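Chain residues, written in single-letter form:
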Number of protein chains: 2
Amino acid sequence: MPRTPGQRAGLTYDAVLAAARDVFAERGRAGLSMRSVAAHLGVAPNALYSHVADKTALVDALLDDVLGSLAPPPADADPRTGLREVMLATFDLLVTHPGLVPTYLERQGARGPRARALGEAMTVLLARLGVDEDAAGRVVRALIVHTLGYAALATADDASLTPDQLRADLEVTLDWLLVGASRS
Amino acid sequence: MPRTPGQRAGLTYDAVLAAARDVFAERGRAGLSMRSVAAHLGVAPNALYSHVADKTALVDALLDDVLGSLAPPPADADPRTGLREVMLATFDLLVTHPGLVPTYLERQGARGPRARALGEAMTVLLARLGVDEDAAGRVVRALIVHTLGYAALATADDASLTPDQLRADLEVTLDWLLVGASRS
DNA sequence: CCGTCGAACTGTACGGTGTCCAGCATAATG
DNA sequence: CATTATGCTGGACACCGTACAGTTCGACGG
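Model, not experiment: these values are computed from the prediction.

What about the interface of chain A and chain B?
Here is step 1 of the chain: Taken residue by residue, the interface counts 27 residues in chain A and 27 residues in chain B.
Here is step 2 of the chain: Taken together, the links from chain A to chain B amount to 4 salt bridges.
Here is step 3 of the chain: A salt bridge links Asp 169 of chain A to Arg 138 of chain B; the nearest nitrogen and oxygen atoms lie 3.6 Å apart.
Here is step 4 of the chain: Along the contact surface separating chain A from chain B lie 5 residue pairs in polar contact (both at pLDDT 80 or more).
Here is step 5 of the chain: Elements represented by at least two residues in the side of chain A that touches chain B include exactly helix H5 (100-106), helix H7 (133-154) and helix H8 (163-183) of chain A.
Here is step 6 of the chain: At 10 residues, H7 of chain A tops the list of elements feeding residues into the side of chain A that touches chain B.
Here is step 7 of the chain: Of the residues that constitute the side of chain A that touches chain B, the class distribution is 13 nonpolar, 7 polar and 7 charged.

Comments concerning the UniProt feature "domain: HTH tetR-type" (unreviewed entry) in chain A
Here is step 1 of the chain: Within this structure's numbering, the places UniProt gives as "domain: HTH tetR-type" (unreviewed entry) are residues 10-70 of chain A.
Here is step 2 of the chain: The span residues 10-70 of chain A carries 57% helix and 0% strand; its end-to-end C-alpha distance comes to 31 Å.

Considerations on the UniProt feature "DNA-binding region" (unreviewed entry) in chain A
Here is step 1 of the chain: With numbering aligned to this structure, UniProt lists the feature "DNA-binding region" (unreviewed entry) at residues 33-52 of chain A.
Here is step 2 of the chain: Strand forms 0% of residues 33-52 of chain A and helix 35%; the C-alpha atoms that close the span are 13 Å apart.

Reading guide: rules and limits
- Residues numbered from 1 in each chain as written.
- Chains lettered and ligands numbered in written order.
- Predicted model: local features only at pLDDT ≥ 70, side-chain atom pairs only at ≥ 80, totals over all residues.
- Heavy atoms only, no water.
- Contact = heavy atoms within 4.5 Å.
- Salt bridge = Lys/Arg side-chain N within 4 Å of Asp/Glu carboxyl O.
- Polar contact = N/O pair within 3.5 Å; in protein donor to acceptor, adjacent residues only side chain to side chain.
- Helix = DSSP H or I, 4+ residues; strand = E, 2+ residues; numbered from the N terminus.
- Nonpolar A, V, L, I, M, F, W, Y, C, P; charged D, E, K, R; others polar.
- UniProt positions renumbered as here; feature names shortened; annotations may be inferred.

Structure, rendered in structure tokens:
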């Protein structure tokens, strides 16, 4: 496995990202280090720096990558239910990737391309709710912040509340926000 | 400065906590390590473990400590404005301690005595809003999650939005939540 | 007053982290 | 074929949290 020096492993950005995803799935957030990713690829830790600027860059890419499994709401759906469904799906996704949530918050929400695509789909629905474009940004933010926060509670270690309870709460409070948004 | 072994520095839990607060104020969250706190006290790093269980325990104590500068809302205030004011004050407090917010989220909200005191004061106001006691827990959670999230955005490194804008948004969306809560 | 005991603190060390540097072999380019 | 650019390595630096064993002191029972 350890090549003689100078030989190439043929790494790519995507390979590194995939390895990061694997390591994250197997060993969780705490087990995700440059060294563990490199080991997973049979490569020296430093080799990653030829393809990735930073550890934070790698983690950011991983975050956005995970978001890729989220289906954007159809543009012709009922706005309120459509928006509620995306956020609940986001909640569910985050709950199934518990170690991810703190990192997510640490980065204060992903800013990758997938995240932006979701945001735009939401803006379309909000327009049909009567929310104009610059107000839409604020509402999207509110919804995301809210959902992320609930996901954080649901994945807390202490976990005095079950994810199901929190999901129910989220459903209610999301509606409060949506009603408020459509009303102003 | 380095005492001969065996001599005592006379540390206390409070001294350690105070040192942690100092170090945090001077060097931020990233600069807050067991070693830096110990150095601030002129003491070996391990000495702290006689007074504090963990680094996480120390950080938790620090978090709750910072919350101490928050005045609970008077019980006879107008419920809605009272609740809005506490949350806005919390937001302001967090914005002035930027490095603190990610840690706060990581811990998914403080659970210390000061935090609980605030929660109870809020419950009182909610009762006067017509929210019964077990629903109050949910609403308090929603308000805190929401506010924490906005503080996170306000203290993000990228900071595409100013704290003032976010504060204004928060004020509006908090009201949406409060209206929704009082209506159900 | 003295012996004992427990607590406070030390030095040392282990295993981990992210990341930089210099060197070298290979692949790509002229 | 000569040259340059790239990918990778070994090694190192500066940290981190914390466990272990040992020393020395303050306090307390006899």
